[in-house]
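For reference, the chains in residue letters:
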Amino acid sequence: MTSEAARPTAPLVRAARPAWAIFGERVLVGIIHVSGVSAIIFVLAIFLFVFREAAPLLFSDRFSLIEFLFSTEWYPTSASNVRYGTLALTVGSFAVTGVAMAIAVPFGLGAAIFLSEFCGRRTRESLKVVIELLSAIPSVVWGFVGLTVMSRLIVDFTGAPVGVNILNGGIILALMSVPVIVSIGEDALKAVPDSFREAALALGATRWQLVYRVLLPAARHGLLAAVLLGVGRAVGETMAVLMATGHAAQIPHGLLDSVRTLTANIAAELGEAPAGSDHYRVLFLTGLLLFCITFVVNLTADLVVRGRRRGEP
Amino acid sequence: MMRDERTGTGLLAAAALSAALVACGGRPGGGATGSQGTTSSGKSVVQNKGSDTMVNVAQAWAEEYHKVNPAVAVEVSGGGSGVGIAALSKGSIDIANASRNMKPQEIEDAKRNTGKEPKEFIVGFDALAVYVHKDNPLNEISIDELAQIFAEGGTAERWSQVGVKLAGEKDDKIVRVSRQSSSGTYEFFREHVLANKDFKQGSRDLSGSKEVVELVGGTRTAIGYSGMGYATPAVKMLKLAPKKGAPAVAPNVANTISKSYPLARSLQMYTLGDPQGGVKDYITWVLSDAGQKILEQSGYVSIPPDRRIAPAPAAGGSAPASAPASPR
């Protein structure tokens, strides 16, 4: 009987938290919600802002989208014949990013595999600190390294006339994307259940067989996502490529040619383009193009990650 | 898995943010100052408008002068020499900056509109040097040859085509070093060397005068242009001939001031009638050692002390016979 009498009081006691605690919790929940949503709001707001600045030119009849996308002639301030063709810049962006990925992917994934599978705990902790430090170096510093140290090395080793070129920008961007690839890649490998490793070892696999027959296939979606995030890092970089690539608007014919990227072009010209002029608007349109490229890359990464989740039991 | 997704969104946001930051971040000193609320607090405001080439140095002068004489605020805006002169001849500004001389028609307009004769003050010089690597055997070049190298449609792609043999270079393709299209230097070069035609594509368009000289100094096959004050031991300044066959002129201060060097011009300030009060003090200060030092820091050529022609000392009096209309 006594227990029956006590039963209704028990929940009451638990609910009787002070009002400030309940209120505080609601506020905290609200703040967390807002921060969660804010990323989306920011992205949308920025997209709308960029679009609004570009729209008057995009929909005017003196502007040709075909020319914008497929002409290589970028003469925004010509006195006689203004031409806004961004193909050379787009190709420049892709060329530098491609070289960066060709260097960063083997090194990044290799480092991720080493960190997660082969090295001892103490080595791993110190290596991770160093790699994270690498990602904390400001891009201007990277650009300066490219402009001074790397360009001289490239001239010495390759005999190229100019040291600021695709190779230089690619190496600098690779150094900047490796930390991203390593940390995401290591997480992906860590997420493979230990039972996979145990099963492989029990079947007599060597460590190397374990890595390339079991872990890489199992973590392939996560590793791909790591690579794509590295690509996003490289495509969006501004300052370092402005300094390291030579900033020449041309279709490159080799690794040692200078190029100009979309981002660097915006950085170099927007400061001086009169607000509201066609040049100003076309630079925003370039930003929009860049936005679309980054968006596609990230969307691909996201879909790949989702594909992995669906594929899992 | 959540982690990856979050990083993805964050990255996207970061990319967008950086784009927007680039979008918003205009460079300091790029355009007009706008009003500084001087009419309510300041005693006098000097309106200064004109040449985009001079806008940075005009800005620097205005800022420094405000420290020297806080009672006077100088408001600077650009727009181009023609815009400044037009505003002056309507009487809506006090000083017009111009990197060219006023045309006779413009002087007539100003006289008719305001009843006052425009007065010219040369406040500095601007000269571009053409740089090559110090090992390049070339010593002089003509404007025509420069146009062949730099202009769209120009035929000179290799040093051998302009008669230069570079020792020990397999590939003598000319590496053209230029400036980004928003630079005044770029426009000056385009106007005076390329006759307003466009630049050939594929030049390295650097964002600073100093960087041009550095890249040329490190590249044996390069040619570039930049302010005269930026020379280093690694580069060589070429003598320039206005035409092929004409005698070449060395880029130095004397030839700049005499304007015999083809890529030299004087920078002017124009006022209506003899400047009075704050305007006069300001121009006098611009022509002082302090003002000329700022000019040099902005990459221009200062006027030697004995060539400076300051506003007439007698305030309010009629202009002396040697009014600074044209010192040459």
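For the structure given in this document, a descriptive report is provided here.

Thresholds, definitions, all that
Residues numbered from 1 in each chain as written. Chains lettered and ligands numbered in written order. Predicted model: local features only at pLDDT ≥ 70, side-chain atom pairs only at ≥ 80, totals over all residues. Helix = DSSP H or I, 4+ residues; strand = E, 2+ residues; numbered from the N terminus. Buried ≥ 20, exposed ≤ 12 C-beta atoms within 10 Å, placed from the backbone. Contact = placed C-beta atoms within 7 Å. Pairing = 2+ DSSP bridges. Right-handed = clockwise from strand over helix to strand, strands pointing away.

**Description of the overall build of chain B**
Looking only at helices and strands, chain B features eleven helices and eleven strands. Considering chain B as a whole, with its 328 residues, one finds that 44% of them fall into the buried category. Taking the intrachain contacts of chain B between residues at least 6 apart in sequence as the baseline, contacts between residues at least 24 apart amount to 71%.

**Quick notes on the pairing of strand S1 (residues 44-50) of chain B**
Residues and elements named next belong to chain B. Relative to strand S2 (residues 72-77), S1 runs parallel, the two sharing six bridges. The residue bridging asparagine 48 from the neighbouring strand is valine 76, located in S2. Running through helix H3 (residues 55-68), the crossover from S1 to the neighbouring parallel element S2 is right-handed. With three bridges connecting them, S1 and strand S3 (residues 95-98) associate as parallel partners. Opposite lysine 49, over in S3, you have alanine 96 as the bridge partner.

**Here's the deal with the environment of glycine 170 of chain A**
All names here are of chain A. The topology assignment puts glycine 170 in helix H7 (residues 166-190). For glycine 170, a count of 26 C-beta atoms within 10 Å puts it in the buried group. Measuring from C-alpha to C-alpha, the distance between glycine 170 and alanine 234 comes to 8.8 Å, with 64 residues separating the pair along the chain. Ignoring any residue separated from it by four or fewer positions in sequence, one finds glycine 170 in contact with Val96, Val99, Ala100 and Ile103.

**As for unusual backbone geometry**
With a phi angle near 60°, histidine 247 of chain A is a residue other than glycine that sits in the positive phi range. In this fold, histidine 247 of chain A is placed in the loop between helix H11 (239-244) and helix H12 (262-269). The exposure class assigned to histidine 247 of chain A is buried, which follows from the 26 C-beta atoms found within 10 Å. A positive phi angle, near 70°, is found at asparagine 196 of chain B, a position not held by glycine. For asparagine 196 of chain B, the position within the fold is in the loop between helix H7 (184-192) and strand S7 (204-206). Assessed through the 13 C-beta atoms surrounding it within 10 Å, asparagine 196 of chain B is described here as partly exposed.

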